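Structure at a glance
If you want the building blocks of each chain, they are given just below.
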Amino acid sequence: MFMSNSRQNKIRNFCIIAHIDHGKSTLADRLIEKTGLLTDREMKEQILDSMDLERERGITIKLQATRLVYKVNGEEYILNLIDTPGHVDFNYEVSRSLAACEGAILVVDATQGVEAQTMANVYLAIEQDLEIVPVINKIDLPSARPEEIKKEIEDIIGIEADNAPLISAKEGINIEEVLKAVVKYIPHPQGDEEAPLKALIFDSFYDSYKGAVAYVRIKEGSVKVGDKIMMMSSGKTFDVNEVGIFVPGPVPVDELKAGDVGYITASIKDVKNCRVGDTITHANRPCDKPLPGYKKATPMVYCGIYPAEGEKFENIRDALEKLQLNDAALEFEPETSVALGFGFRCGFLGLLHMEIIQQRLDREFDLDIITTSPSVIYKVVKTNGEIEMIQNPTNLPPQSEIEYMEEPIVDARIMIPNDYVGNAMELCQERRGTLINMEYLDERRVSLHYELPLNEVIYDFFDALKSKTRGYGSLDYEFKEYRQSKLVKLDILLNKEVVDAFSLIVHESKAYSRGRAICEKLKEVIPRHMFAIPIQASIGNKVIARETISALRKDVLAKCYGGDISRKRKLLEKQKEGKKKMRQLGSVEVPQEAFLSVLKYDEK
Amino acid sequence: MKEVKKLKKIGLYIHIPFCYKKCSYCDFISFKYNDQNIDQYVKALLKEIELYSSRLKKYKVKTLFIGGGTPSALTIDKMDTIVNKLYKSLSIESGIEFSVESNPGTLTKEKLEGYLKIGVNRLSIGLQSFNDRILNSIGRIHSKEIFLRNYHTARDVGFDNINIDLMYGLPGQSLSDWKDTLEKVIELRPEHISAYALKIEEGTRFYDLYLQNKLHLADEEEEREMYHYTIETLNKQGIVQYEISNFAKEDYECEHNLIYWNNEEFLGLGLAAHSYLNFCRFANTNNFEEYINLLNNGKLPVSTKENKSREDEIFETMFLGLRLTKGVNVNKFKKRFRLNPLEIYKYKLDKMIKLGLITVDENSIRLTRYGMDVSNQVFLEFIPE
């Protein structure tokens, strides 16, 4: 055991746990404001959510850290606030940030109380031995019921909530109390500054000038410019050329010591050498063993990402590599599709994660991509006894070689107000769910525990749940086991040719309805051509659904407006631009949209 | 005389942007008829003509077309002033085609006689439909009776080249309505018929109604039936289709419009008029005040200019020429560009022949009937990469 020193006594490393919309980002802003770190002008609406995408969706994806300086009773404290994402897909990222902290502020909405999502993250935090500091937010709302919520926190989570600050992050009420509670209840970091360096990478990003920037929590020892460091997973060494802290922008400092949160740059050019979860130590004086591993993130959903017309394969690879740096959960490897050419099979934590990566490729890298139907990993037991794990429906062996197939089943916990129990159960039933139990948390709140096939969850389940519960439903799931199931490969044929990018594996009972839905959807989004196009869904050689896009009847500009040829030409050019964005599949031109539309479940 | 032959021949278009009432389908720039506006406008137009007199020394006008708007809304005096100015300022061949567009609701015997006197030899009348209910619903100011009276008057005073403008696919118009209109028009034996499919343009009354789902339009199938019926019937009657929307008795094709489709040069004068001269497409401002002010200050009212590359010219020649039933003439194309279209477009042509969109023979590339229905799809193929 090391004695903590007086420097460490003045440090608090913490994060904020909250359900989506319960006010985490707003509270973070207030804490920054209160500690006088920035001028008003610099104060953007929500500082921690720096990516446009996050702001737009109102959720936090990428972790960031901010150093706050808080003065109380003549003492100056360094409060390192580490941001965590709040969605079910990002448990892994949450666990990374939690491991860098000693405590967590739990924000609970004074009107809505404890939500399923909150619970999942609270348990993660408790597992990591973090001190939980509950805070009750939105007390300015007329429907706030702080006393009930306090009781709920105590009953459901089992932590003391009597002294929980009652605040309104939006109105800036009682923010000081939160800071006081952080200092009072969250333990300061410990760790021997003289011991060999042991630094945890909890996030990273790629800077085109500095290379990979590692966000670190120094657990033991210290690090400064000029040190030779080593990544413990690979043994690769680098020379440190900058260490610094976040205020919230990066500011270089001389040295980071045990207990500090900051960053390290070391001209790490290859993004693979700066993996989140790794431990950094000194090359010539390494620590004995790496920090206990993070909860390993395993992708559960796969899809193909291909360059759209006119986009380069290499650009997508570079972008994925850069994204992977910040996102250890993202996996990808090259693959080829008959319809789409060269591309990548990518693994994601869930559908939202997939959507976010797609959008980041679009917005941050300005890439035009096509995404294929998402798939989970199926276990195929062949007649010759071999076992294959299949992520891409195209790779499924012929039916005759398959003895049986297994699909991943998840344990899903759905929390809803009791008014929506019927709706939620109906949805789970439709999605082949098995009810394990149902529990009333109080008079209003119900927790449903279902076993659901993951391939049902990845098709829009969360959106469907939200819409069937007016946004109140929350979902948390984790992998349970592989289970034998009657699965079939559903092929989609355009103009009599199979489009491999549309193939998917579905449960036998769902094949007809999915086949029909996809054919209908494709009929809607594929423009008419100069010939009729049959769209068919088939299992093996058996066609189970069919639609026909009739031939284009009319596409003509009747009149030449007084010699305005330019206008005509522009119309044609615009039309051509639209066509260019289409993907040529055999003789059929398919808009990008078609690939997306197959992803949606669209229940009638 | 030798010198005259060297002059380049162009079409001349004059735009008259005034109407008594805007039709529900029309998105042209036009202003409500009022004497003060018109005085201002004609004055400016005369200045514009003047400005071109020195610039067009090397050109000779081979067709004249006064369009609108409603040119027939102008008094014959105003029209006379404009035409006089044209003949004084520009070199105009004698005996050329000289068209004026008219709304039957604005014609009188005196006006028609006046037109003949100032040299108009081709009268275009906007009838649109022979059904009064439809005429009313599309915002026309005339009835079929007024049209008939003026048509006959025009014949009586001596017009021997008359075009009738028609529209099909109008709201509330059935196939039998359209057949009826065609039949009655054929009885009149006009030299030329333009039959346009209604297109809902932004900024029109129809567009608003369309958005509110209040337009009862024929479905595409029925509309195409109207079109195909038109082609068959008129061809049979000797008013032969020569362009996607245009039909004429032999030798009565509109020479002025052929200039557009043959991608030849023309000058447009007046508000928002378009021109194509010397590898440049340019257009006048569509802002009334600006048009007047610029000309009052002795400046040309041109607001947009686009220089055309050889590639552009080739593409435009293709897509304009394909609008004609006789198509793009291979020899003429070769002569103009020193390229063989059958070679440079070989791959594309083969593909489109297979799809039944075009036919090709030694000297022409033409749209098929189906190609005419989906002509944009064909034109797209020729856009330079």
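Residues numbered from 1 in each chain as written. Chains lettered and ligands numbered in written order. Predicted model: local features only at pLDDT ≥ 70, side-chain atom pairs only at ≥ 80, totals over all residues. Heavy atoms only, no water.

1. What to know about the overall build of chain A
Regarding its fold elements, chain A presents 15 helices and 32 strands. Sequence separation of 24 or more characterises 70% of the internal contacts of chain A that already satisfy a separation of 6 or more. Total accessible area on chain A is roughly 25,100 Å²; 47% of this is exposed by carbon and sulfur atoms. (Helix = DSSP H or I, 4+ residues; strand = E, 2+ residues; numbered from the N terminus. Contact = heavy atoms within 4.5 Å. Areas by Shrake-Rupley, 256 points an atom, 1.4 Å probe, with all protein chains shown as cover.)

2. Focus on the packing of helix α10 (residues 421-430) of chain A against helix α12 (residues 461-468) of chain A
Each packed pair of helices is defined by two parameters, the angle between the axes and the distance between the axes. All names here are of chain A. Across the interface, α10 lies against α12 with an axial gap of 9 Å and an inter-helix angle of 155°. The pairing of α10 with α12 is recorded here as roughly antiparallel in orientation. The chirality of how α10 crosses α12 is right-handed. Residues N423, A424, E426, L427, C428 and E430 of α10 pack against F461, A464, L465 and K468 of α12. Among the residues forming the contact of α10 with α12, the class breakdown is 6 nonpolar, 1 polar and 3 charged. (Axes fitted to C-alpha atoms, helices over the stretch in contact; angles between N-to-C directions. Parallel < 35°, antiparallel > 145°, perpendicular 65-115°, else oblique. Left-handed = near helix turned anticlockwise from the far one by under 90°. Nonpolar A, V, L, I, M, F, W, Y, C, P; charged D, E, K, R; others polar.)

3. Brief notes about the side chain of A:N392
All names here are of chain A. Structurally, N392 is set in the loop between β21 (387-390) and β22 (402-417). On the basis of relative accessibility, which here comes to 8%, the residue N392 falls in the buried class. Among the polar contacts made by the side chain of N392, one reaches the side chain of E335 at a distance of 2.7 Å. In this structure N392 touches E335 and R345, once residues within four positions along its chain are discounted. (Buried < 20%, exposed > 50% of the residue type's maximum accessible area, 1.4 Å probe, protein only. Polar contact = N/O pair within 3.5 Å; in protein donor to acceptor, adjacent residues only side chain to side chain.)

4. Looking at the pairing of strand β8 (residues 192-197) of chain B
Within a regular strand, the side chains alternate between the two sheet faces. All names here are of chain B. By the criterion of burial, β8 is predominantly enclosed, with 6 of the 6 residues buried. Burial along β8 is two-sided: H192, S194 and Y196 facing one way and I193, A195 and A197 facing the other are all buried. Direction of pairing for strand β7 (residues 162-168) relative to β8: parallel, over a ladder of 6 bridges. Within the sheet, the bridge partner assigned to N163 lies in β8 and is H192. In this region the chain leaves β7, passes through helix α7 (residues 175-187) and returns to the parallel neighbour β8; the handedness of that crossover is right-handed. Of the pairings in the sheet, the one linking β8 to strand β10 (residues 246-248) comprises 3 bridges and is antiparallel in character. (Pairing = 2+ DSSP bridges. Right-handed = clockwise from strand over helix to strand, strands pointing away.)

5. Thoughts on the confidence of the model for chain B
Of the residues in chain B, 99% reach a pLDDT of 70 or more, and the chain-wide mean stands at 95. At the level of chain-chain contacts, confidence expressed as ipTM amounts to 0.90, with global pTM at 0.69. (pLDDT = per-residue confidence, 0-100.)

6. A few points about the packing of helix α2 (residues 35-55) of chain B against helix α11 (residues 288-296) of chain B
All names here are of chain B. Taken N-terminus to C-terminus, the directions of α2 and α11 make an angle of 50°; their axes are 9 Å apart at the nearest point. When the interaxial angle is binned, α2 and α11 end up oblique. In the packing of α2 onto α11, the handedness of the crossing is left-handed. Contacts between α2 and α11 involve N37, Q40, Y41, A44, L45, K47, E48 and L51 from the first element and F288, Y291, I292, L295 and N296 from the second. Residue classes in the contact of α2 with α11 are distributed as 8 nonpolar, 3 polar and 2 charged.

7. Focus on the state of the cysteines
One covalent bond between the sulfur atoms of two cysteine residues makes up a disulfide. Within this structure, the stated rule accounts for 0 disulfides over all chains. A:C15 provides the cysteine sulfur closest to A:C101, a residue in no disulfide bond, and the two sulfurs are 4.1 Å apart. Considering cysteine sulfurs only, B:C26 is the nearest to B:C23, which forms no disulfide, with 6.3 Å between them. (Disulfide = S-S within 2.5 Å.)

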